[in-house]
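# Summary of structural features
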Amino acid sequence: MNEEQTRFLYEVGDFLERKIDDRMERSGISVPVIGKKAKKMTWYKVPVEDGMSGDGSEYHVYLKKGRSKNLCIFFSGGGLAWDEYTAARPVTAGKMAAHMPNFYWSNLRPVTQFMNINIGITENKSRRNPFDAWNFLIISYSTGDLHVGDSELIYRAEDGTENVLHFHGYKNFRAAMDICAWFFEKPSRILIAGCSAGAFAVPALAGEIADDFYPDVDDITLFSDSGQFIFDKWRETVFEKWNCPKHIGDAVCTDNITVDWYRNLHARYGSRFRYLYASSVHDYLLSAYYNETVSGHYESNEHVREVFFAQLRIMIEELMDIEPEYGFFINNWKNLLLSRGGTIHTAVREPYFYLHHKEGKSMAEWLHDAVNGNIYSVGLDLLGLQRSASKPGANPF
């Protein structure tokens with residue numbers, strides 16, 4: 001793609017995003033801000049007074065009061081920034097359209113609502129969604145720090161101006177959980193889930209959720225969808241760039257931060273939690289992030305996707321070693337418009353949530369079975385792996 005084509009796609013993407021933002025603000029598509037009374041089965045935006053997005057703008061979460069006593073706490077994704085170069089390249093629709101480097105969402109502009117609610121597991125008033133009646137807190141994400149940062153990073157933007165990236169993910173998380181505990185005092189069951197950057201946050205922060213906010217809840221399931229990023233500077237990043245709290249950062253000791261956090265969590269809590277992980281086999285987006293760190297090219301190609309596949313196979317085996325009853329959902333689904341020769345990135349908060357795997361189960365069915373105590377794996381054969389774990393069967397409850 002030449003420079004003229006790149007510029008054209010960039011301008012088209014940004015134009016469309018501005019139109020969508022404007023339409024949402026004028027047409028009432030945006031969900032209402034919560035008031036004194038919240039109707040059941042309705043999504044609300046909840047401003048977080050002490051919260052802050054990466055660019056210094058406002059921060060909010062999303063909340064829905066369901067018809068059951070079950071609660072889903074969902075960590076949103078949205079990329080990450082690990083140095084001054086990535087900090088200077090936040091996501092815009094124009095950069096995505098033009099395939100230009102774009103690493104994290106730096107604010108919660110109107111279009112991000114579509115990423116957070118009314119899709120996949122957050123689909124509302126939907127007969128096909130087994131989690132429809134659940135209560136939900138969506139912990140939005142716009143700080144580039146996997147929800148665990150507590151610092152500021154000064155960087156020089158692409159236009160040469162000096163800017164600040166506010167790594168306030170951890171403060172936002174704690175404030176969001178205060179809101180959650182106020183609205184949902186005594187859930188009977190909790191699902192702590194996350195996709196992309198939120199998938200990393202699940203093992204990093206699940207212990208705090210259980211101990212500090214819901215110590216009396218015994219039925220807790222953890223689910224990370226697409227949290228693989230092999231990087232040899234994780235420890236430097238969490239402490240020197242993000243100023244991650246010590247009790248979280250100390251567990252980081254290898255190039256796989258997700259495995260580090262799950263290993264540490266399991267050592268502390270063992271079978272208090274159920275453990276689940278999902279991924280596609282050649283994730284087009286995570287392979288591009290990995291390629292950026294090893295070659296300086298933010299792109300996915302056949303070679304780096306095969307590297308991703310090999311890394312995923314090792315990661316799944318490591319998670320199996322941590323917890324023999326770990327449940328996995330592995331897919332090879334493609335999106336011809338987005339995946340650029342690879343496979344999709346995340347499914348839990350996408351239409352793919354309801355797509356049936358070749359083994360006969362959708363992710364929605366698999367996850368519903370798991371939170372009800374029937375844990376099994378789907379798609380391990382795609383990685384050349386197998387296990388003698390629980391088999392898919394009828395919901396025991």
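Below, the structure is looked at part by part.

The rules we used
- Residues numbered from 1 in each chain as written.
- Predicted model: local features only at pLDDT ≥ 70, side-chain atom pairs only at ≥ 80, totals over all residues.
- Heavy atoms only, no water.
- Core = buried A, V, L, I, M, F, W, Y, C linked by side-chain atoms within 4.5 Å.
- Buried < 20%, exposed > 50% of the residue type's maximum accessible area, 1.4 Å probe, protein only.
- Helix = DSSP H or I, 4+ residues; strand = E, 2+ residues; numbered from the N terminus.
- Contact = heavy atoms within 4.5 Å.
- Expected span 1.5 Å × (residues − 1).
- Polar contact = N/O pair within 3.5 Å; in protein donor to acceptor, adjacent residues only side chain to side chain.

## A look at the nonpolar core
One broad trend across soluble globular proteins is that nonpolar side chains are buried collectively. With 93 residues, the main nonpolar core has Leu-146, Met-177, Tyr-214, Leu-222, Trp-234, Trp-261 and Ile-316 as its most contacted residues. Ranked by residues supplied to this core, first place goes to helix α6 (residues 197-213) with 10 residues. Those residues in contact with Met-177, other than ones at most four positions away along the chain, are Ile-73, Leu-137, Ile-139, Ile-209, Phe-213 and Tyr-214. Trp-43, Cys-195, Ala-278 and Tyr-352 belong to the second-largest nonpolar core, a separate cluster that totals 34 residues.

## A look at the environment of Ala-204
Among the structural elements, Ala-204 can be located in helix α6. Exposure remark for Ala-204: the relative accessible area of 11% places this residue in the buried category.

## Regarding helix α5 (residues 169-183)
Its 15 residues place the ends of α5 21 Å apart at the C-alpha level, agreeing with the 21 Å of an ideal helix rising 1.5 Å per residue. What α5 keeps buried is the set Gly-169, Tyr-170, Asn-172, Phe-173, Ala-175, Ala-176, Met-177, Ile-179 and Cys-180.

## Some points on helix α10 (residues 284-295)
End to end, α10 covers 16 Å across 12 residues, agreeing with the expected 16 Å (1.5 Å per residue, within 8%). Along α10, the positions that sit buried rather than exposed are Tyr-284, Leu-286, Ser-287, Ala-288, Tyr-289, Tyr-290, Asn-291 and Glu-292. Turning to α10, the residues buried within the fold contact α2 (84-87) and α11 (302-322). Its side-chain oxygen 2.9 Å from the backbone nitrogen of Leu-285, Asp-283 forms the N-cap of α10. Phi turns positive one or two residues past the end of α10, at Gly-296, with a value near 80°.

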